[in-house]
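Read off the chains here:
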Amino acid sequence: MDLTYSREEEEFRRELRVWLAETLPKLPARPDPADWPGRRAYDLGWQRALHDAGYAGLHWPKDAGGRGATPTQHLIFLEESERAGAPYVGANFVGLLHAGPTVAAEGTPEQRRRWLPPILRGEEVWCQGFSEPDAGSDLAALRTRAVRDGDAYVVSGSKIWTSHAEVADWCELLVRTDPDAPRHQGISWLAMPMDLPGVMVRPLRTLAGPAEFAEVFLDEVRVPVSCRVGEENDGWRVTMVTLSFERGTAFVGEVVACRRVLAELARTAKASGRWDDPVLRRRLGRLAAEFAALWRLTQWNVSEAERLLRGGGSGVPGVGGSVFKLRYSHARQELYDAAAEVLGAADSLDADHEWVAGRLSSLSYTIAAGTSQIQQNIVAERILGLPKGR
């Protein structure tokens, strides 16, 4: 494992810093958090700027429209972008972090040419149609049906917690194509256009405020068979590829963001007089060590993916992503608990302050992208070699 950067990687970092310093002051004002059409336009505008500058899909293959950069260069990009205060992937995080990498790894040449360039150019937004009212952590219990009818699947069912469905063009959709097969073997992975007849979206408002999730109802929606990624009934394996990206690299930028929030929190504690409390100082010091360790774990995961890629592998993140996701979820909650303690002593507290929104959203992290209990099972079975629970 090599956690140092090469001369070429440091030159890449320098060039990126120059570009960010020149570009960020020219960006328009960020839209209101509740204005999803405005947020979509803002996020896709930023994505187009990245594309035109050659920074879109850094680690994606060149034949998929990416730059073919190393995972380490991608890590540097995320680190420098967050430190500079650049916009994150926003409304298209599913396309850029989940669906796109899955199609790059599992899609046919035709599918890669159709879906990947528009994601990178900032032209199409994706959402994720995995969870259902009775199939969350136990995802293999999903019941949305897809019946083959000629060159289409007729899909009926419902999904929940579908991120950004109200502004999405496509949905990565899990469906049951063989109800008689063992439940992990009768699932298929489809790319569904969101404007098809029979698709109904109902936004869900969360504790954090703006509705960024939705329920999606599917009433005999005809999805072309050509939109299936992987073989019929092989969707569970394809889904594991998607989830490995979701847990392995999708939170990388957020670790850097949490380290920035922690530094701001220390400055706020000093300004409010709370820094004199030795218990608080120890708490913040432990969190600083926690996020430094998580960053090193991220580097290790990326280094392993890069090593496998050089050896002819896929570069798909491994089970180390579950170790990261498990600890990061709890560390983020602890960070915003500490923020609440410090802000409680501040002279004024704006209910719309980003730290308030951060604390509310942090409550979901032990559930989103696989609950902590699921991550513990993965670590126990696939890393420690313990038998499966009954």
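Not measured: the values here are computed from a predicted model. (Residues numbered from 1 in each chain as written. Predicted model: local features only at pLDDT ≥ 70, side-chain atom pairs only at ≥ 80, totals over all residues. Heavy atoms only, no water.)

**A word on the packing of aromatic side chains**
Stated formally: Aromatic rings from Phe, Tyr and Trp, taking only the six-membered ring of Trp, are treated as a pair when their centres fall within 6.5 Å; an angle between ring planes under 30 degrees marks them as stacked, one over 60 as edge-to-face, and anything in between as tilted. Per the convention used, a helix needs a DSSP run of H or I reaching at least four residues, while a strand needs a run of E reaching at least two, with both numbered from the N terminus. Accessible area is worked out with a 1.4 Å probe on protein chains only. A residue is then buried under 20% of its type maximum, exposed over 50%, and partly exposed in between.
Per the stated rule, a full pass over the model turns up 8 aromatic pairs. Judged by centre distance (5.9 Å) and plane angle (90°), the ring pair of W115 and W126 falls under edge-to-face. You can see W115 sitting in helix α5 (residues 109-121) and its partner W126 sitting in strand β1 (residues 126-129), a full 11 residues away along the chain. We classify W115 as buried; its relative accessible area is 3%. Of the residues examined, W126 reaches a relative accessible area of 0% and is grouped as buried. Ring geometry for W126 and W170: centres 5.8 Å apart, planes at 20°, overall stacked.

**Digging into the environment of R281**
Under the convention used in this document: N or O atoms within 3.5 Å of each other form a polar contact, as long as, within protein, one can give a hydrogen and the other can take it, and as long as residues adjacent in sequence are counted only when both atoms are side-chain atoms.
As for its position among the elements, R281 is in helix α8 (residues 278-310). Classification of R281 as partly exposed rests on a relative accessible area of 35%. The spacing of R281 and A266 is 15 residues in sequence and 8.4 Å in space, taken between C-alpha atoms. Among the polar contacts listed, one links the side chain of R281 to the backbone oxygen of W275, at a separation of 2.7 Å.

**Comments concerning the pairing of β1**
Let me state the cut-off plainly: Only strands that DSSP links by at least two bridges are regarded as paired with each other.
Of the two faces of β1, the one holding W126 and Q128 and the one holding C127 and G129 are both buried throughout. Both β1 and strand β4 (residues 170-176) contribute to a ladder of 4 bridges, which runs parallel. Its bridge partner being in β4, Q128 is matched across the sheet by E172.

**Focus on the packing of helix α2 (residues 36-53) against α5**
For the record, the criterion: Every axis corresponds to a line fitted to the C-alpha atoms, with the helix fit spanning only the stretch in contact, and the corresponding angles, defined between N-to-C directions, vary from 0 to 180 degrees. Should an angle fall under 35 degrees it is taken as roughly parallel, and over 145 as roughly antiparallel, whereas 65 to 115 is taken as roughly perpendicular and any remaining angle as oblique. Should any heavy atoms of two residues lie within 4.5 Å, those residues are considered in contact. All amino acids are sorted into three groups, where Ala, Val, Leu, Ile, Met, Phe, Trp, Tyr, Cys and Pro are nonpolar, Asp, Glu, Lys and Arg are charged, and the leftover types, Gly among them, are polar.
Viewed as axis vectors pointing N to C, α2 and α5 meet at an angle of 105°, and their least axial separation amounts to 7 Å. The orientation of α2 relative to α5 falls into the category roughly perpendicular. In contact with Q47, R48 and H51 of α2, α5 contributes I119, L120 and R121. Of the residues in the contact of α2 with α5, the class split is 2 nonpolar, 2 polar and 2 charged.

**Observations regarding the side chain of Q111**
With respect to the secondary-structure elements, Q111 resides in helix α5. Taking relative accessible area as the criterion, Q111 reaches 6% and is therefore assigned buried.

Take it as geometry only, folks, not as evidence of what the structure does.
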